[in-house]
Amino acid sequence: MTFLSGTPLRALLLAVLAVLTPLALAAPAGAVSQSSAAAQLSAAGITWTSSGGCTDPGTSTCTSFEGLRQATVDGAVTLDGASGCALTITGGTETGHAGGTYSHAAGYKLDFSRTTCLTSWIHSAYRYTGLRSDGAAMYEASSGNVYADEGNHWDVTFYTCGC
């Protein structure tokens, strides 16, 4: 676009790009940092594991909390207290999960190890709502949060901070 070189229109376009570029890269509203989420989850007694032993959101073998919504952190803490089960998070905001508005990357979802305690509690506390398109059995809390049984873990979508 050499015809714009030196024109006021070119300056305007550069100014607009300077404003929009950081916004496109910014974390979602209400998002917390890795360290903040880790401290809150740890304080509640919630543990996490990573097959790669890392927290980098750009590496699929890591378990990252970077960009997790505060309501999601609060939902995990509420679930921990309500269920009385030992919770272990196996997936957060790292790459490698399905996309979408209410996705892991958007900070709405956490994966939890599938334990007998957690599975029994979900089955007794929540309403079965059918199968997801991938065949995962879904249970819905009165809060609207959705628990999907993916076989070896629970994929939980926290729309609110209630469990």
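In what follows, the structure referred to is the one given above.
Residues numbered from 1 in each chain as written. Predicted model: local features only at pLDDT ≥ 70, side-chain atom pairs only at ≥ 80, totals over all residues. Heavy atoms only, no water.

A. The overall build of the protein chain, seen in detail. Along the protein chain, the regular secondary structure elements total four helices and seven strands. Secondary structure elements in the protein chain, listed N-terminal to C-terminal, are α-α-β-α-β-β-α-β-β-β-β. Expressed as a percentage of its 163 residues, the buried residues of the protein chain come to 39%. Partitioning the contacts of the protein chain with sequence separation of at least 6, the portion at a separation of at least 24 is 57%. (Helix = DSSP H or I, 4+ residues; strand = E, 2+ residues; numbered from the N terminus. Buried < 20%, exposed > 50% of the residue type's maximum accessible area, 1.4 Å probe, protein only. Contact = heavy atoms within 4.5 Å.)

B. Here's a closer look at the packing of aromatic side chains. Scanning all chains against the criterion turns up nine aromatic pairs. Cluster of aromatic residues (ring-pair linked, three or more members): Phe112, Trp121, Tyr126, Tyr147 and Phe158. We note Arg69 situated over the ring of Tyr108; from NZ or CZ to the ring centre the distance is 3.9 Å. (Phe/Tyr/Trp six-rings, centres within 6.5 Å; stacked < 30°, edge-to-face > 60°. Lys NZ or Arg CZ within 6 Å of the ring centre and 35° of its normal.)

C. How the structure looks around the side chain of Thr63. In this fold, Thr63 is placed in the loop between β1 (47-48) and α3 (70-83). A polar side-chain atom of Thr63 sits 2.6 Å from the main-chain carbonyl oxygen of Thr49. With sequence-adjacent residues up to four places away left out, Thr63 is seen in contact with Gln34, Thr49, Ser50, Cys54, Thr55, Ile89, Thr90, Gly91, Gly92 and Glu94. (Polar contact = N/O pair within 3.5 Å; in protein donor to acceptor, adjacent residues only side chain to side chain.)

D. Inspection of the pairing of strand β6 (residues 146-149) at higher detail. Because side chains alternate across β6, one face comprises the buried residues Val146 and Ala148, and the other comprises Tyr147 and Asp149, equally buried. Bridge count between strand β5 (residues 137-140) and β6: four bridges; the pairing is antiparallel. Bridge assignment links Ala137 to a residue of β6, and that residue is Asp149. Linking β5 to β6, which pair antiparallel, is a turn of five residues; within it Gly144 sits at a positive phi near 100 degrees. Pairing of β6 with strand β7 (residues 153-157) involves four bridges; the strand directions are antiparallel. (Pairing = 2+ DSSP bridges.)

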